[in-house]
Every structure is written in structure tokens, then in C-alpha cells.
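Working through the structure, step by step
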Amino acid sequence: PDDDKKWDYQDLARTVEKNLQEKFARRFTLTNQPAPNVLMVRAAITDITKAKPVVNVLTTAVVGPLFNGGLSGEAEIVDSMTGTQLAALTYADEG
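Description of the structure in this document. (Residues numbered from 1 in each chain as written. Predicted model: local features only at pLDDT ≥ 70, side-chain atom pairs only at ≥ 80, totals over all residues. Heavy atoms only, no water.)

Counted according to the given criterion, the structure contains two salt bridges. One salt bridge connects Glu-22 with Lys-18, and the closest N-O pair in it is separated by 3.8 Å. Linking Glu-22 with Lys-18, this pair stays in helix α1 (residues 3–25), spanning four residues, or about one helical turn. With a relative accessible area of 39%, Glu-22 lands in the partly exposed category. Glu-76 is the salt-bridge partner of Arg-42, the closest N and O atoms lying 3.2 Å from each other. With a gap of 34 residues between them, Arg-42 in strand β1 (residues 39–49) and Glu-76 in strand β2 (residues 70–79) connect regions that are remote in the sequence. (Salt bridge = Lys/Arg side-chain N within 4 Å of Asp/Glu carboxyl O. Helix = DSSP H or I, 4+ residues; strand = E, 2+ residues; numbered from the N terminus. Buried < 20%, exposed > 50% of the residue type's maximum accessible area, 1.4 Å probe, protein only.)

Structural data, given as C-alpha cells:
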């Protein structure tokens, strides 16, 4: 990918990671070390569709915005000691 796209992905990945940590920290104690009764969350952004604001401006009056952008991803929760998958989910949203 070109440098701008690579930067966008890295920035988005950092933002998603920060938001996930903040949400989980509200209910759980966070750690970086495997231990009994500790779960590990693995998350990945699997696709990004950028918005096209110029096209949206032109189409909004007639049919509405067509290209709002979007994100899809997946996550799994595993036992930190054994690696056994306990839960998995996929997510997709078109802005």
C-alpha cells in the first residue's frame, strides 16, 4: 500500500486497540501475562473501505450518500494458558 494508506491503517489500528482496552478495563483487570483464569483477546481489522466525500456530495440530493466508508474485523477470546478458543466474532459496518 502507498504511504498514506499504510499510515491510515496504522492510525486506525492504534485507535481500535486503545478503544478496546478502555472498554475492557471498565469491567476487567488488564494484564499482558498469561495466567490461570486469564483470557486473551485477539482482534484484527480485516477490511477498510474509505469514504468518498466528493461523490457523496454529488449524489446526496438525488439518492443519498453512496460511499460512507466502512470497517470489518474479527476477534476471538482464548484461554491465555492453553490457547483454546472460547469465543469468536466478526463485525462489518458500512458507515
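Here we take up the side chain of Ser-80. Following the sequence through the fold, Ser-80 ends up in the loop between β2 and β3 (85–94). Only 2.9 Å separates the side chain of Ser-80 from the backbone oxygen of Val-38, close enough to count as a polar contact. Setting aside anything within four residues of it in sequence, one finds Ser-80 in contact with Pro-34, Ala-35, Val-38, Leu-39 and Met-40. (Polar contact = N/O pair within 3.5 Å; in protein donor to acceptor, adjacent residues only side chain to side chain. Contact = heavy atoms within 4.5 Å.)

Counted by the stated rule, this structure contains one aromatic pair. Note on Phe-24 and Phe-28: the rings are 6.1 Å apart at their centroids and 45° apart in plane angle, and the pair reads as tilted. Using a relative accessible area of 28% as the deciding quantity, one classes Phe-24 as partly exposed. (Phe/Tyr/Trp six-rings, centres within 6.5 Å; stacked < 30°, edge-to-face > 60°.)

Within the structure, the side chain of Glu-76 is placed 2.6 Å from the side chain of Gln-85, a separation counted as a polar contact. Once residues lying within four places of it in the same chain are set aside, the contact partners of Glu-76 are Met-40, Val-41, Arg-42, Gln-85, Ala-87 and Ala-88.

Glancing now at unusual backbone geometry. The phi dihedral of Asn-37 falls on the positive side, at around 65°, and the residue is not glycine. Tracing the sequence through the fold places Asn-37 in the loop between α1 and β1. Of the residues examined, Asn-37 reaches a relative accessible area of 81% and is grouped as exposed.

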